[in-house]
Amino acid sequence: GIVLCHARNATGPTLGNHPFTFEYLGRIFSFMHNGYCNSARAFMIQSINEMHPGYNWFEQHPSNYFGDSDPSQWVDTEVLFHYIMSYITLRDGDTLDGMQRALAKIRTYLLQTRSGIFNFVLSDGERLYVFRSSPASGANAGYKLSYKTFRDRFYGIRTQAPKTGDTELLPRELVVFSHDKE
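These notes cover the structure that comes with them. Per chain, residues are indexed from 1 in the order of the written sequence. Per-residue local features are limited, in this predicted model, to residues with pLDDT of at least 70; the limit for side-chain atom pairs, both in listing and counting, is 80 or more; totals at the level of whole chains, interfaces and linings are taken over all residues. Excluded from the side-chain calculations are hydrogens and water; all other atoms, namely the structure's heavy atoms, are used.

1. Overview of the environment of Ser39
For the record, the criterion: Counting from the N terminus, the helices are the DSSP runs of H or I reaching at least four residues and the strands are the DSSP runs of E reaching at least two. Note on contacts: a residue pair is in contact if any heavy atoms of the two residues lie within 4.5 Å.
Secondary-structure assignment places Ser39 in the loop between β2 (27-36) and α1 (41-51). For the pair Ser39 and Ile117, spaced 78 residues apart in sequence, the C-alpha separation works out to 9.8 Å. If near-sequence neighbours (up to four positions away) are discounted, Ser39 is found in contact with Tyr109, Ser115 and Gly116.

Written as structure tokens, this is what we have:
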């Protein structure tokens, strides 16, 4: 099984519990984010609308937390999740390909470490996808992502400073975990 939990220490007027969920092709996708990405909010919303013209994406997929269809009011995490899911749906549920395409499209934001932190954990019900955008040093280096393997079949993902025995993800690294391998 896959269990996601996220102890948030949000700053500012951010609302919204996560992990967020999204059902697609009979699978439940779950998502949690460690960082902030409001600088890319307008770009992500516009991209979703352009990729799905006439579909009314946000009416078809309202906020998990607010239940409304105005993404400008959502927590940035949920906008990022919908942005990634919009690519996954275009790839007929191919999580890795959709995610890689979504990240390639926001590459400019990922390379400018002051524009936001896009660290996240996504589950498609079968695998975990863990991505780190935060730099190794300097501004925003405090946003960490690491993992530890327990009993060769359980992975614990940490969004804080790594502990002894943890493997820290590198900046802009994506690691995919399945039941039997990393």
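2. Observations regarding the packing of aromatic side chains
This is how it is decided: Only centres within 6.5 Å qualify two rings of Phe, Tyr or Trp (six-membered ring in Trp) as a pair; their planes then separate them into stacked at under 30 degrees, edge-to-face at over 60, and tilted for everything else. A 1.4 Å probe rolled over the protein chains alone gives each residue an accessible area, and that area as a share of the maximum for its type sets the label: buried under 20%, exposed over 50%, partly exposed in between.
Tallied over the entire structure, the rule returns 13 aromatic pairs. Aromatic pair Phe22 and Phe81: ring centres 6.2 Å apart, planes at 80°, arrangement edge-to-face. Remark: Phe81 occurs in helix α3 (residues 76-90) and Phe22 occurs in strand β1 (residues 20-24); sequence separation between them is 59 residues. Residue Phe81 is classed as buried on the basis of its relative accessible area of 0%. Through successive ring pairs, a cluster of aromatic residues spans Phe22, Phe31, Tyr55, Trp57, Phe81, Phe120 and Phe131.

3. As for the sheet that holds strand β5 (residues 146-150)
Formally: By the convention used here, strands pair only if DSSP detects at least 2 bridges between them.
In space, the three strands of this open sheet follow the order β6-β5-β7, with antiparallel pairing throughout. Each of the sheet's edge strands pairs with one partner strand only, and the pair in question is β6 (154-158) and β7 (167-168). Relative to β7, β5 runs antiparallel, the two sharing two bridges. From the neighbouring strand, Ser146 faces β7, where its bridge partner is Glu168.

4. Observations concerning unusual backbone geometry
A positive phi angle, near 50°, is found at Leu25, a position not held by glycine. Secondary-structure assignment places Leu25 in the loop between β1 and β2. Residue classification places Leu25 among the exposed positions, given a relative accessible area of 56%. In this structure, Asn56 takes a positive phi of about 55° despite not being glycine. Structurally, Asn56 is set in the loop between α1 and α2 (57-60). Owing to a relative accessible area of 45%, Asn56 belongs among the partly exposed residues under this scheme.

5. Some details on the packing of α1 against α3
How we decide: Orientation is described by axes fitted as lines to C-alpha atoms, over the contacting stretch for helices, and by angles from 0 to 180 degrees between their N-to-C directions. Here the word oblique covers every angle except those under 35 degrees (roughly parallel), over 145 (roughly antiparallel) and from 65 to 115 (roughly perpendicular). The handedness criterion is simple: a crossing whose near helix is rotated anticlockwise from the far helix by less than a right angle is left-handed, and one whose near helix is rotated clockwise is right-handed. For this classification, Asp, Glu, Lys and Arg are treated as charged, while Ala, Val, Leu, Ile, Met, Phe, Trp, Tyr, Cys and Pro are nonpolar and the rest, including Gly, are polar.
Closest axis-to-axis distance for the α1/α3 pair is 10 Å, and the angle between their directions is 30°. As the angle between them shows, α1 and α3 are arranged roughly parallel. The crossing of α1 and α3 is left-handed. Residues Arg41, Phe43, Met44, Ile45, Ser47, Ile48 and Met51 of α1 lie in contact with α3, whose contacting residues are Asp76, Val79, Leu80, His82, Tyr83, Ser86, Tyr87 and Leu90. Split by residue class, the contact of α1 with α3 holds ten nonpolar, three polar and two charged.

The analysis is restricted to geometry; functional conclusions fall outside its scope.
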